[in-house]
Every structure is written in structure tokens, then in C-alpha cells.
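Structure assessment
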Amino acid sequence: MRRADFHFDLPESLIAQRPLDSRSASRLLVLAGDSLRHCRFDDLPDLLGADDLLVVNDSRVIKARLMAQKDSGGRAEVLVERILDTNRAICQVRVSKPLKPNRCLYRDGHRIDVVERDGEFYLLDFNAPVAEYLDTCGEVPLPPYIERPADAADEDRYQTVYAAVPGAVAAPTAGLHFDEELLERLRAKGVAIGSVTLHVGAGTFQPVREDDLSRHEMHAERYAIPRATRRAIDECDGRVVAVGTTVVRTLESAAATGNDCGETRLFITPGHRFRAVDALVTNFHLPESTLLMLVSAFAGVEPVRRAYDEAVKQRYRFFSYGDAMFCERNEAGDV
């Protein structure tokens, strides 16, 4: 298939700029085979059985955006992609002219050294523990389609209630709909809940530039599946329900490689044979994005296209702070 096969027209007014007051009050479009049903997110316990296993991504978003000055005086916007070790990180740096090695940036008198450049990324030495420095000086890295500065409310709402392992620069947004009350209702019904960790990188917002999807290369992301979650998956008598595309990529990567931790560049497109996931909770995604391609591979190209047409018609809210879908795996394959 080609990139253009995943295009759809989305009115800008449907791009959610802020979350709802209540996490679980979002709308939920349920796609099962060819059928569509309109629900609320807090109806999710009615869609799951006592034998089902819900798998969430416990990655925690770091304050990965940092405003700084070049040593020449110009403005620089740093977005941390990945922390490599205590003091160093791979970053995107938005500047008027590309930086060369041995240049430096300043933030309130603190120096950050440019070590090297690799394509669109820079290796920066923060001359301090990166995680601690960002926690003090950084900002919540809201996605580019949220057209406002991050505020204090985003520090809470652009984070899942079960976030535990710092390292992501973008939230695993399907999980933003869960609150503690909903999680307790799921547990009370007997639904087991397991966690994995995949740190979402800034590359998740990079567009697919190749029309031929076989030529697109995914950015690498680290993942880990704890032993308790692996045991729960192996012993699950019901469905494995992934909360978000990051969980799908984690579980499918592990199923393909046999490794419960490592890096993945898995690009899931229609025709992929799913081995580990039976149902999916996900947000509504960007046109022509790898995330939409994954959902289409999972639930069927035509059913997902009809679901998105219906979501636009019914004015569902899109993207990170928007509404959600519940999809069952389409056993008929790419239809």
C-alpha cells in the first residue's frame, strides 16, 4: 500500500487543544468487524471480560523541551529524543543554521556542549545529570498540533495516572483516558492489568515522507516487558488488550524476536500477522501516519476508514487530548 491510501480530510476544529475535565469522560467509538457503536470511555469495563488482560505502557514523560541560546546569541529550541547516559542525550535542536561540533548552547549561564551531529539529531553534553536538569529547566513537550504553550495543568494531564518509568518525550496517549476509579472498576470485574515500558521518541511525530511504504524507516524505541507481565500474557485465558499502539509494537516486537527487552523499529502495515494482541484501545491518529497504518493493519483498512469517516461526521475529538477507539482484531485480515 501507499501513503496516500491513509489520507483523510480532518477539520482543524476537531483537533483537541485541551483535555476534558474528566479523563474517562471521553467518547469511545467501538469497532468490531464491520459494526460501529458509540460509547463513553468509562463504558470500557462492559467491553472486557474477567479473563481479559489489559496491558498498559507505564512510560513517564520527561520535561524534554528546553529553550536555550546559541553561543553566537541566537535562539535554540532543544527537544530531547533519548537520554544516553548521565550527562548526554540525543536531541533535536531547532536553530536558524545547523550547529557544528564544539559549539555550545546556554541556559541561564549553564553551558550545554554540542558533541556531534548525526542527520537531524545532535549529541549534546549537558555537563550535568540530564534528567535532573530537565526536571528543573525543561517544559512538557506537547505535540506540534497543540497550538499553545504547555501550562501547569499539562504536567498532570499529559501523563498517565500509572506513569512510572521516566524517559518518554511524548505520552502514550491512549492511556490518558484512564483514571484511578476506572482502573478499580476493571480490577473489580476481574480484568488483569499488566504493564510494559516503551519510551516514545520525538520521531513519532515525523511524517512518512515516502509514498512507497516499504521505503519508510521507523525511528528506534526502547522497550521492556517485565517478567510478571510476560507470565500474565502466557497464562491469559481471554484476550490480550493493548492500551495504545506503543503496547502493540512492544508485544509484537517481542513475539517476532523472542526478546522481552531491546530496541524496536517495527513498522506495522496492512498484511502484518499479529501474534500477541487481540484487541486495542487507541486514540484517533494523524492522516498518513504510521499509527493510523498500524490501526488499519489491526482492524482492517476499510473498517478503519469507515470508522474515521464516522468519527469526523460525529465530531469526535482527535489526537493526544481527543477521544478514543476500541478495536477488535480483524480476523479476516486486510479488508
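First things first, this report covers the structure right here in the doc. Residue numbers here run from 1 along each chain, matching the order of that chain's written sequence. Local features are withheld for residues below a pLDDT of 70 in this predicted model, meaning they are given only at 70 or higher, and side-chain atom pairs are given and counted only at 80 or more; totals for whole chains, interfaces and linings count all residues. With hydrogens and water excluded, all non-hydrogen atoms of the structure serve as input to the side-chain values.

**As for the packing of aromatic side chains**
Filter applied, for reference: Within 6.5 Å between ring centres, the rings of Phe, Tyr and Trp (the latter by its six-membered ring) count as paired, and their orientation is classed by plane angle as stacked under 30 degrees, edge-to-face over 60, tilted in between. Type-normalised accessible area, obtained with a 1.4 Å probe on protein chains alone, sets the label of each residue: buried when under 20%, exposed when over 50%, and partly exposed for intermediate values. Whether a charge sits over a ring depends on NZ of Lys or CZ of Arg being within 6 Å of the ring centre and within 35 degrees of the ring normal.
In the structure shown here, the tally under the stated rule is 13 aromatic pairs. Residues F318 and F319 carry aromatic rings whose centres are separated by 6.0 Å and whose planes lie at 90° to one another, so their mutual orientation is edge-to-face. Residue F319 is classed as buried on the basis of its relative accessible area, which comes to 4%. Put simply, the rings of F8, Y145, F284, Y308, Y316, F318 and F319 pair up and form one aromatic cluster. Lying across the ring of Y316, R27 places its NZ or CZ 3.9 Å from the centre.

**Here's the deal with the sheet that holds strand β9 (residues 110–118)**
The following threshold applies: For two strands to pair, DSSP has to find at least two bridges joining them. In this text, helices come from DSSP runs of H or I with a minimum length of four residues, and strands from runs of E with a minimum of two, each type numbered from the N-terminal end. Lines fitted to C-alpha atoms define the axes, with helix axes restricted to the stretch in contact, and inter-axis angles between N-to-C directions lie between 0 and 180 degrees. Throughout, a contact is declared for two residues whenever any of their heavy atoms are within 4.5 Å.
Strands sit in the order β5-β6-β7-β10-β9-β8 around a closed barrel of 6 strands; the barrel is antiparallel. Across the sheet, the mean angle separating the axes of adjacent strands is 45° when strand polarity is ignored. Direction of pairing for β9 relative to strand β10 (residues 121–125): antiparallel, over a ladder of 5 bridges. Bridge pairing in β10 places E116 opposite L123. Across the sheet, helix α2 (residues 130–137) lies against β5 (65–70), β6 (75–83), β7 (88–94), β8 (104–107) and β9, angled at about 135° from β6, the strand it touches most.

**Let's talk about the pairing of β7**
Two elements, β6 and β7, share 6 bridges in a ladder whose sense is antiparallel. Residue I83 lies in a different strand from β7, and its bridge partner there is A89. Counting the residues that bridge the hairpin from β6 to β7 gives 4 residues. As defined by bridge partners, β7 adjoins β10 across 4 bridges and the pair is classed as antiparallel.

**A closer look at empty space enclosed by the protein**
In plain terms, the rule: The method works on a 1 Å grid over the protein atoms by themselves. A cavity is a set of points holding a 1.4 Å probe that cannot get out, a pocket is an open set with protein on both sides within 12 Å along at least five of seven lines, and residues with an atom within 4 Å of a point line them. Grid points are joined across faces, edges and corners, and a volume is the space filled by probe spheres set on the points. Amino acids are sorted into nonpolar (Ala, Val, Leu, Ile, Met, Phe, Trp, Tyr, Cys and Pro), charged (Asp, Glu, Lys and Arg) and polar (every other residue, Gly among them).
Per the stated rule, a full pass over the model turns up 3 cavities of 30 Å³ or more. Roughly 80 Å³ of volume is contained in the second largest cavity. Along the walls of the second largest cavity sit P19, L20, R23, S26, R157, L176, H177, R317, S320, Y321 and G322, which together make up its complete lining. Among the residues making up the lining of the second largest cavity, the classes are represented as 4 nonpolar, 4 polar and 3 charged.

**Concerning the environment of A16**
When you line up the elements, A16 lands in the segment before β1 (27–32). Apart from the residues lying within four places of it in its own chain, the contact partners of A16 are I146, R317, F318, Y321 and G322.

**Looking at the nonpolar core**
Going by this rule: Throughout, nonpolar core names a set of buried Ala, Val, Leu, Ile, Met, Phe, Trp, Tyr and Cys residues whose side chains join them through atoms within 4.5 Å.
Among the nonpolar cores identified, the biggest contains 61 residues, and Y158, L251 and F318 are the most heavily contacted of them. Of all the secondary-structure elements, those providing two or more residues to this core are β1, β3 (53–57), β12 (192–198), β14 (240–243), α6 (245–257), α7 (290–299), α8 (301–313) and β17 (324–328). The element best represented in this core is α7, accounting for 7 residues.

**Topic: the sheet that holds β3**
Adjacent strands of a sheet form backbone hydrogen bonds with each other and so pair up, either parallel or antiparallel. One open sheet accounts for 9 strands, arranged β2-β1-β17-β16-β14-β3-β12-β13-β15; its pairing is mixed. With partners counted over all chains shown, the strands left at the sheet margins are β2 (35–40) and β15 (261–264), one partner each. The mean angle between the axes of side-by-side strands here comes to 25°, regardless of whether they run parallel or antiparallel. One ladder, built from 5 bridges, connects β3 with β12; its direction is parallel. If you follow V55 over to β12, its bridge partner there is G194.

**Here's the deal with the pattern of salt bridges**
Note the following rule: By definition here, a salt bridge exists when the distance from a side-chain nitrogen of Lys or Arg to a carboxyl oxygen of Asp or Glu is within 4 Å.
Under the criterion given, the structure shown has 26 salt bridges. R88 is the salt-bridge partner of D125, the closest N and O atoms lying 3.6 Å from each other. Remark: R88 occurs in strand β7 and D125 occurs in strand β10; sequence separation between them is 37 residues. Since its relative accessible area comes to 14%, D125 is described here as buried. Among the residues examined, R88 registers a relative accessible area of 30% and is labelled partly exposed. Salt bridges sharing partners connect three or more residues here, namely R18, R148, D151 and D154.

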